[in-house]
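Summary of the model geometry
Now for the letters of each chain:
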Amino acid sequence: MSKVKVFIDGIEYEVDKNKPLLQSLLELGIQVPYFCYHPRLKIIGACRMCIVYNEKTQRLMTSCNAYPEEGMSISTQHPLVKENQKYLLQAFMTRHPLDCPICDKAGECDLQNFGALFGPQKQIVPVSALEKERHQLDWESDFLEYYSNRCVVCYRCTRACDDVVGARALYVEERGFQANIAPAVRPMDTSTCEMCGLCVHVCPVGAIISKPFKYWTRSWLLKREKTACNLCPVGCEIQIEYGVGDWRSKEKVYRTKPTDELNICAKAFFGYDVLNYERLKSPKMFGKEETAGNLANFLSLLLRSRAQDTAFLLSNYLTDEDYELIAQLVRKTGVMITSPMVFDLLPFLEEFGKYEAPTFEEIRSADFYVLIGQDITSTAPVLTYYMKGKVYRIGECSRDKKLKPTDISEEDLQKLEGKALIVFNAVGMKEEEARRWGRTLKQLASEKGWKVLVVYDGNFTGLLKHMPIEWFSSLTRVLKEAKNLIVFGEDLLDYIRLEELEKYIRELEHLVAFSPFEDGLSSYAQIKVPMALMGEVDGSLSSYMGSVRIRKFLPKAFEHTDFLRSLLDYMPAEEKEVKVLKGKEELKAERRVHLYRSNWLASRSENLTRLYEKNAFVEEALRLGS
């Protein structure tokens, strides 16, 4: 990092010469108004609000697209700066409605705040309320709403959509006072828009709002904390806002937002309502609430006396700490373990060998990308935000089309040269195909030095870090032969048809479900143990961004990680050999990944379900029409 000395309002500072001057001013705590600038977006200097006075040239300049130089002297308090900021704010306010009392952005609106701090304190341009009207534009969306009069045309939303997400779902229509942000295709919900919510988040005013959040509460009534999302393996840092809300609301999660990194997708932005969905709040045994101590005592007796007839079914949505505790339980009891990964990912890894995920810097810096398997955009959307090189694709795709991939065959893959990243989506792949790709990619990685990035559900890397693949039994044989099944956060209905699953459940002596929810597999279980979701547990996840910490701040009574620790206290000291059942998988139902329905957690989100059903209807209509 190269430093230069600059003078700001007569005080000497040392700043990074490679950062925009505005960013340095903000990091120094110097207040400068701005609308169009965002640290993750391309700089365009559209709003002209961040002006400063250059003492050397004796001229105003925008600080967002200027870089510090040695000896530079600028003023943020010069009369010309103040005069021009007031003029610009008055221009922005000319047609902006004074509807702060009903605007969802009130309390966190840049125009509202900057108007009070930097603008004129009374209207200086005589424009009546009737003259303020600008052409209204209906986005035809059930989730996003656009208010043209509030828009300051800062281009943040279009830049986020084009340059970060790559969906290109928005553009600017008309010019001047008639400029509007328009969807490229309407209705918006079934267009290339991925419903990531970035346009809502980056909008500095209330021009774009989230309809599910509309009128529910005020920003200043909510508490907000940061954690990491575990709905896919990327490991994005997100903000969760929760609280009591207004007079007609209750204690719940009201919305999720990204940080300035802008790493978020529809699963987190609109899928937050899963945190409020039919939650299992206390342990239950045989239809009655039970204490954690009595439940731990019962399960420990089961594990010690019936280990050979008992199996753990593991999901990818637990923390690394949970997996470590479960691994210790497996070693001390010798119980069988299985997972839906035996259908697709484990056959691939058995052929590929030891897998080490590329670092996030290696993911970002590849010369080109080769996508194999189902849509990456649907499985791990934020991963595609960082694929800025040439993209090749083997097989069909839908939303990955935004990356403008070049279709190639498996034979063409051998001819490519350069620093490649093979992005292999194992989700839903047939066993033989997964094995074949395991052999092929192992050879390519060895011969060409290419990196292979495996895409799968949730914290699968953390699970495989603590559970050797040799431990995993056939899920089909486990369901046929086990007498007691303990399920850790998995619903199975994504993988096995309901009528088949019910047949095996009826043969079990005990079904134990660690679940966040009252419904699904939990409704069949004699013993139910509440499981925490994001924001409800402390721990870590093994993600593409490395090991990321997650934090507990949401109010929740039961700690499933502490319960696992208490189970270990009952276990014997010596270790036992893990029982393994191998066999052909016969139960797998076809699993198609969709952007709005990629796992059993997302399927419980009312918002994502509505989006999924709407898009599925249109996709089916187009398929039949073609």
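In what follows, the accompanying structure is described. (Residues numbered from 1 in each chain as written. Predicted model: local features only at pLDDT ≥ 70, side-chain atom pairs only at ≥ 80, totals over all residues. Heavy atoms only, no water.)

**Observations concerning the overall build of the protein chain**
- Along its length, the protein chain carries 19 helices and 26 strands.
- Relative to the compact-globule value of 25 Å for 626 residues, the protein chain shows a C-alpha radius of gyration of 27 Å, a close match.
- Here the C-alpha coordinates of the protein chain stretch approximately 85 × 65 × 60 Å along the principal axes.
- Once local pairs closer than 6 in sequence are excluded, the contacts in the protein chain between residues at least 24 apart make up 71%.
- Accessible surface, the protein chain: about 26900 Å² in total, of which carbon and sulfur atoms supply 50%.
- When the 85 positive and 88 negative side-chain charges of the protein chain are each reduced to one mean point, those points stand 3 Å apart. (Helix = DSSP H or I, 4+ residues; strand = E, 2+ residues; numbered from the N terminus. Rg over C-alpha atoms; globule rule 2.2 N^0.38 Å. Contact = heavy atoms within 4.5 Å. Areas by Shrake-Rupley, 256 points an atom, 1.4 Å probe, with all protein chains shown as cover. Lys, Arg positive; Asp, Glu negative; His and termini not counted. Charge placed at Lys NZ, Arg CZ, Asp CG, Glu CD.)

**Overview of helix H9 (residues 345-352)**
- Of all 8 residues that make up H9, 6 are buried, and the element is covered over most of its length.
- Buried within H9 we find Leu345, Leu346, Pro347, Phe348, Leu349 and Phe352.
- Where H9 is buried, its residues meet strand E20 (420-425), helix H14 (431-448), strand E21 (451-455) and helix H15 (460-466).
- Positive backbone phi, at 90°, marks Gly353, one or two positions downstream of H9. (Buried < 20%, exposed > 50% of the residue type's maximum accessible area, 1.4 Å probe, protein only.)

**Here we look at the packing of aromatic side chains**
- Under the defined criterion, the tally for this structure stands at 25 aromatic pairs.
- For the ring pair Phe312 and Phe488, a centre distance of 5.2 Å and an interplane angle of 80° mean the geometry is edge-to-face. Separated by 176 residues along the polypeptide, Phe312 in strand E15 (residues 310-314) and Phe488 in strand E22 (residues 484-488) bring together distant segments of the chain.
- We classify Phe312 as buried; its relative accessible area is 1%.
- Judged by relative accessible area, which is 4%, Phe488 ranks as buried.
- When the centroid spacing of 5.8 Å and the interplanar angle of 90° are considered together, the rings of Phe368 and Trp450 count as edge-to-face. Placement of the pair is Phe368 in strand E17 (residues 368-373) and Trp450 in the loop between H14 and E21, with a sequence separation of 82 residues. (Phe/Tyr/Trp six-rings, centres within 6.5 Å; stacked < 30°, edge-to-face > 60°.)

**Overview of the sheet that holds E17**
- Strand order across the open sheet formed by 5 strands is E19-E18-E17-E20-E21, with parallel pairing between neighbours. At either margin of the open sheet sits one strand with a lone partner, and together these are strand E19 (406-407) and E21.
- Sheet topology places E20 next to E21; 5 bridges connect them, and they run parallel. Pairing of Val423 across the sheet is with Leu453, part of E21.
- This element, H14, spans E17, strand E18 (390-394), E20 and E21 of the sheet and lies at about 165° to E20. (Pairing = 2+ DSSP bridges. Axes fitted to C-alpha atoms, helices over the stretch in contact; angles between N-to-C directions.)

**Quick look at helix H19 (residues 606-625)**
- For H19, spanning 20 residues, the distance from its first C-alpha to its last is 29 Å, which sits close to the expected 28 Å at 1.5 Å a residue.
- Residues of H19 that are buried make contact with helix H6 (266-269).
- The N-terminus of H19 is capped by Ser605, whose side-chain oxygen sits 3.4 Å from the backbone nitrogen of Asn607. (Expected span 1.5 Å × (residues − 1). Polar contact = N/O pair within 3.5 Å; in protein donor to acceptor, adjacent residues only side chain to side chain.)

**What about the pattern of salt bridges?**
- Evaluation of the coordinates by the stated rule reveals 38 salt bridges.
- Residue Lys19 is joined to Glu27 by a salt bridge in which the shortest nitrogen-to-oxygen separation is 2.8 Å.
- Glu417 is the salt-bridge partner of Lys448, the closest N and O atoms lying 3.1 Å from each other. Here Lys448, found in helix H14, pairs with Glu417, found in the loop between helix H13 (410-413) and E20; they are 31 residues apart in sequence, far enough to count as distant.
- Salt bridges sharing common partners tie together Glu108, Arg224, Glu241, Arg255 and Lys257. (Salt bridge = Lys/Arg side-chain N within 4 Å of Asp/Glu carboxyl O.)

Purely geometric numbers; function is a separate question.
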